[in-house]
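Here are the chains, one letter per residue:
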Amino acid sequence: MESWQGLIDSEYRRWLPVTDRTPSVSLNEGNTPLLRSRHLSDLTGCDVRLKVEGANPTGSFKDRGMTVAISKAAEDGAELVLCASTGNTSASAAAYAARAGIASAVLVPAGRVALGKLGQAVRYGARIVEVAGTFDDCLRIARDLADHHPVALVNSVGNELRLSGQRTVAYETVDALGAAPDIHCLPVGNGGNITATWGGYRTFHAAGRSGRLPRMWGFQAAGAAPLVHGEPVAEPQTAASAIRVGDPATWQGAVDARDESDGLIGAVTDEQIFDAYQLLARKDGVFVEPASAAGVAGLLDRHDRGLLARGQTIVITLTGNGLKDQDASLRDGYTPVETGSSTAEVARALSHTALASALS
Ligand code: AN7
């Protein structure tokens, strides 16, 4: 079997807006695991699958759209790519720009980006500007700059290139399952991913590759849930920093995905998000960043309220890798158990744990 070469040089190429003149700027993104969650399946009586997007090269689903956006920017001779970001878009844009030999600049809300993501952008060589404001302010400024200067804006807002790449998550899912699932759960921030994922399912349905369409179930953090309230939130609040967005740029796309699929966009509290974050690591061995657990939190919330029928196939997008946000992983405190370097001392230290009987 030929090894995976990334999305542009995959079987999905024909669904992407690239031509023979488009260079393929790739880090071999896509082709991510679709893992069965035994725990969530047993709990819900459904067949629950986890689409592990943290396995992408920069650790989030953003790489799917970025390979297309930066390849096109390279084709167009762009000298600078620009984006606003809650963190993952900046890491991805900076990496693909580096690969293409194009300079990158990223606008992020000051002090609100997980350090792992910032560290990625630093290392990939992006010019980073921390804006005293929200992500929504960053996006407004980025659009303003792109309107007046010759830079390639690589945010997904109205960006068919980004969205076309992000649709591939649905193509991979359909090809893995043989059809669309009954329900597709995912976190929602700016609204690009739910729009693109739904667009992907519709594309494959129209092409006869899936006999059915899923219901799209999107979940926002309760303190940053404009799509649930039906109006922008001026001061969005959530510890899930990736989805701290008060005025989603792809508002209409997200609402259309919900309505056309007979789905829903619900809110989950930070407590529910962190419970799901913990559960995924403990029960499935999958380490995600907090925002990425919102889809699982939402599914569990529906289940707890008796709103989830058994026997369905459910796919949940886990959007980003847990390694990016160690503030989150250690926020409940981690107390190291320290000992001297003899076997006896280590055995004594372990004797306070469940290992005691094994070591006695
Ligand atoms: C892990 O990086 O918007 O609803 O600037 O990083 O398409 O915005 C990130 C979003 C979910 C929400 N999970 O997706 C950015 C950015 C993770 C994310 C979302 C993001 P959208």
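For the structure itself, consult the block above.
Basis of the calculations
- Residues numbered from 1 in each chain as written.
- Predicted model: local features only at pLDDT ≥ 70, side-chain atom pairs only at ≥ 80, totals over all residues.
- Heavy atoms only, no water.
- Near = heavy atom within 4 Å.
- Polar contact = N/O pair within 3.5 Å; in protein donor to acceptor, adjacent residues only side chain to side chain.
- Areas by Shrake-Rupley, 256 points an atom, 1.4 Å probe, with all protein chains shown as cover.
- Helix = DSSP H or I, 4+ residues; strand = E, 2+ residues; numbered from the N terminus.
- Nonpolar A, V, L, I, M, F, W, Y, C, P; charged D, E, K, R; others polar.
- Pairing = 2+ DSSP bridges.
- Axes fitted to C-alpha atoms, helices over the stretch in contact; angles between N-to-C directions.
- Buried < 20%, exposed > 50% of the residue type's maximum accessible area, 1.4 Å probe, protein only.
- Right-handed = clockwise from strand over helix to strand, strands pointing away.

Enquirer: In this structure, what is going on with the site of the ligand? I would like to understand it.
Expert: Near the ligand lie 21 residues; those nearest to it are N88, T89, N190, N193 and T319. A distance of 2.8 Å separates an oxygen atom of the ligand from a polar backbone atom of G189. Take N190: an N or O atom from its main chain is 2.7 Å from an oxygen atom of the ligand. Here the ligand has 470 Å² of accessible area as a free molecule, and 98% of this is covered by the chains. Elements with a minimum of two residues in the shell around the ligand: α3 (88–100) and α8 (192–206). Split by residue class, the shell around the ligand holds six nonpolar, 13 polar and two charged.

Enquirer: Help me understand the sheet that holds strand β9 (residues 264–268) in this model?
Expert: Within a sheet, each strand pairs with its neighbour through backbone hydrogen bonds, oriented either parallel or antiparallel. Here six strands make up an open sheet; going across it, the order is β1-β2-β10-β7-β8-β9 and the pairing mixed. Looking at the sheet topology across the chains shown, the edges are occupied by β1 (34–36) and β9. Across the sheet, the mean angle from the axis of one strand to that of its neighbour is 25°, orientation sign disregarded. As paired elements, strand β7 (residues 183–187) and strand β10 (residues 313–318) share three bridges and run parallel to each other. In the strand pairing of β10, C185 is matched with I316.

Enquirer: I'm lost on the pairing of strand β8 (residues 215–221) in this one. Help?
Expert: Within a regular strand, the side chains alternate between the two sheet faces. Among the seven residues of β8, six are classified as buried, and the element is accordingly described as predominantly covered. For β7 and β8, the ladder comprises five bridges, and the chain directions are parallel. In the strand pairing of β8, P187 is matched with F219. With α8 bridging β7 and the parallel β8, this β-α-β connection has right-handed handedness. Pairing geometry for β8 and β9, over five bridges, is parallel. Bridge assignment links A221 to a residue of β9, and that residue is V268.

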